[in-house]
There are 2 protein chains.
Amino acid sequence: MYSIGDLSRRTGVKIPTIRYYEQMGLIDAPERSEGNQRRYEKRELERLAFIRHARDLGLSIDAIRDLLALSEHPERPCGEADRIATEHLASVRERIARLRKLESELERIVACHGDHTIGDCYVIRALADHSMCESEH
Amino acid sequence: MYSIGDLSRRTGVKIPTIRYYEQMGLIDAPERSEGNQRRYEKRELERLAFIRHARDLGLSIDAIRDLLALSEHPERPCGEADRIATEHLASVRERIARLRKLESELERIVACHGDHTIGDCYVIRALADHSMCESEH
DNA sequence: CTAAACACTCCAGCGACTATAGATATGTGG
DNA sequence: CCACATATCTATAGTCGCTGGAGTGTTTAG
C-alpha cells in the first residue's frame, strides 16, 4: 500500500498531477484510508510509470488513454498501438523539421553580435521585414 | 485606414488574436470609428507583421514586448536585442536535441509493425518498462 | 500525546490563443 | 433610402497539461 506521496516519489509524478490524472480518467480512483486518503497498490504504481513514460515521450493524454485501454486487451492485435506511436513519431519529426528552419533563421538573425545600435540592428530589421527570410514560414 | 478584418487578412493574424495582443499591450488601442470599431493605420499594420513574424519564430509574448520597446529607441545599443535572440536560439537548439532523443526512442518502439497482439507488442512493453530505453529522459 | 509531515478538496492561474453568444455597425444592391 | 448581408463589438468560457495556494483534516515518529 502506497500513499500518494510514495507514488509520487517512486514515479517522479507530482502529487497534484496524480490527482489530475485520476480526474482525467487515466487512473482509477483508488481505495481510501479511514481518514479518506488515497491508498495505492503496485498495479497503480506500474500504470502511473507507464503514463509518465508516455508523457515524457510527448504523447497526449488522449493517446495515452487509448494505449492504456489497449493494454487491457492483450489478446487483440496491436495495429492500433502501432498506429498511435507511428503517428506520434511523424509529428515529432515534423516538429524537428520546423525547429531546424527556425534555428537557421535565428542563426542568421543573431549574427548581429550586439556591437551597434538598435537603428541598424539586424535582429530588429529581420523581424520587421519578412522578405529577409531564407525560407517562407 | 484598416478595419480589424483588413489587418487580419493582410497579416494572417486572426481577429480575436489581434484583440488579444491589444489586451496584452503588444499593440496600442487604436482609434475607433463613430460606431466604436477599431481603425488602424499603416504603422500598426507593420507592428503587427513584426509580432507575427516573431511569433512564427517562436518568441514569447514577453520577449516580443521587449523587442518592440527596444525598437522604439533606435539610438541605443542593440546588445539587448541580440541577447533575446541568442537566448531564444539556445532554447530552440535544446528543444531540437530533446526531440531528436524522442525520435530515436520512438523509432525503436515503432519497429513492432503491428503484426501481432497487444500481449507481446513492443509499443506497449516499451512504455511499461523504462529500462528498455537507450538513454534516460 | 504532541508536533511534524502529510493529504484532503476546491479553486485559480499559466501561455497563447480560440470560440461562443448576443448585440451593434457598416457597406452594398435595388 | 432601405433592407440585408457581412463585419465587428464586448464579455466570457474553453483549450492543454499541469501547478500552486488556502484552509482543513489525518497519519506517524518520538
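Residues numbered from 1 in each chain as written. Chains lettered and ligands numbered in written order. Predicted model: local features only at pLDDT ≥ 70, side-chain atom pairs only at ≥ 80, totals over all residues. Heavy atoms only, no water.

**Observations regarding helix H3 (residues 42–56) of chain B**
All names here are of chain B. Here is the rule: Here a strand is any run of E in DSSP of at least two residues, a helix any run of H or I of at least four, and the numbering for each starts at the N terminus. Expected span of a helix: the number of residues minus one, times 1.5 Å. Accessible area is worked out with a 1.4 Å probe on protein chains only. A residue is then buried under 20% of its type maximum, exposed over 50%, and partly exposed in between.
Along its 15 residues, H3 runs 21 Å from first to last C-alpha, staying within 8% of the 21 Å computed at 1.5 Å per residue. Regarding H3, the residues found buried are Glu44, Leu45, Arg47, Leu48, Phe50, Ile51, His53, Ala54 and Asp56. Taken from the residues just after H3, Gly58 is the one with a positive phi, measuring 90°.

**Here's the deal with the relation of the copies chain A and chain B**
Both copies of the chain are related by a screw-like operation: a rotation about an axis and a shift along it. To keep it simple, the criterion reads: For this overlay, a least-squares fit was computed on C-alpha atoms, restricted to residues scoring pLDDT of at least 70 in both copies. A contact between two residues is defined here by any heavy atoms of the two lying within 4.5 Å.
Between chain A and chain B, the superposition needs a rotation of 180° and an axial shift of 0.0 Å, giving an RMSD of 0.1 Å. Here the copies are linked by what is in effect a two-fold axis. Of the C-alpha atoms belonging to chain A, the one lying closest to the rotation axis is found on A:Ile96, 2.9 Å away. Both copies share a contact surface, since 100% of the interface residues of chain A are interface residues in chain B too.

**Comments concerning the domain arrangement of chain A**
All names here are of chain A. Applicable threshold: Where each domain starts and ends comes from a domain assignment, either automatic or drawn from a database. Buried area adds together the accessible area that both of two parts lose upon being put together, with accessible area traced by a 1.4 Å probe. A side-chain nitrogen of Lys or Arg and a carboxyl oxygen of Asp or Glu constitute a salt bridge if their distance falls within 4 Å. Throughout this description, a polar contact denotes any pair of N or O atoms lying within 3.5 Å of each other; where both atoms belong to protein, one of them has to be capable of donating a hydrogen while the other can accept it, and for residues adjacent in sequence the pair is counted only when both atoms sit in side chains.
Domain annotation for chain A reports domain 1 (4–71) and domain 2 (79–132). Here the C-alpha centroids of domain 1 and domain 2 sit 35 Å apart. Of the residues lining the interface, seven residues belong to domain 1; the matching set on domain 2 comes to four residues. Here domain 1 and domain 2 share an interface that buries about 430 Å² over both sides, 79% of which is from carbon and sulfur atoms. Together, Leu59, Leu67 and Leu70 form the three largest contributors to the area buried by domain 1 at its contact with domain 2, with a combined 63%. Our count for the contact surface shared by domain 1 and domain 2 stands at zero salt bridges. Summed over the shared surface of domain 1 and domain 2, the result is zero residue pairs in polar contact (both at pLDDT 80 or more).

**What to know about the packing of aromatic side chains**
When we look at a pair of aromatic rings, we describe it by the centre distance and by the angle of the planes. Residues and elements named next belong to chain A. Applied cut-off: The rule is short: rings of Phe, Tyr and Trp, with Trp giving its six-membered ring, pair when the centres are within 6.5 Å, and they are stacked under 30 degrees, edge-to-face over 60, tilted in between.
Taken as a whole and assessed by the stated rule, the structure comprises two aromatic pairs over all chains. Ring plane angle 50° and centroid distance 6.0 Å describe the contact between Tyr20 and Tyr21, whose orientation is recorded as tilted. What makes Tyr21 buried here is its relative accessible area of 7%.

**Overview of the protein's contact with DNA strand D**
Let me state the cut-off plainly: Neighbouring residues are identified by heavy atoms, a residue being near a molecule or strand if any of them is within 4 Å of it. Residue polarity follows a fixed list, in which Ala, Val, Leu, Ile, Met, Phe, Trp, Tyr, Cys and Pro are nonpolar, Asp, Glu, Lys and Arg are charged, and the others, Gly among them, are polar.
In the region of DNA strand D, 22 residues are neighbours, and A:Ser33, A:Arg55, B:Ser3, B:Arg19 and B:Arg38 sit closest. Among the atoms of DNA strand D close to the protein, meaning within 4 Å, 85% are from sugar or phosphate groups. Here A:Thr17 contributes a side-chain N or O atom positioned 3.1 Å from a phosphate oxygen of DNA strand D. Elements with a contribution of two residues or more to the surface near DNA strand D: helix H2 (15–23) of chain A together with helix H1 (4–11) and helix H2 (15–23) of chain B. Of the residues forming the surface near DNA strand D, the biggest block, four residues, is contributed by H2(A). Looking at the surface near DNA strand D, its residues break down into six nonpolar, nine polar and seven charged.

**Some remarks on the side chain of A:His88**
By the element assignment, A:His88 lies in helix H5 (residues 79–110). Excluding residues within four positions of it along the chain, A:His88 makes contact with A:Leu57, A:Gly58, A:Leu59, A:Arg95 and B:Leu106.

**Remarks on the interface of chain A and chain B**
On the side of chain B, 55 residues touch chain A, which itself brings 54 residues to the contact. Across the chain A/chain B interface, buried area totals approximately 4,500 Å², and carbon plus sulfur atoms make up 74% of it. Here B:Glu107 makes a salt bridge to A:Arg93, at a shortest N to O gap of 2.5 Å. Put simply, chain A and chain B have five residue pairs in polar contact (both at pLDDT 80 or more) between them.

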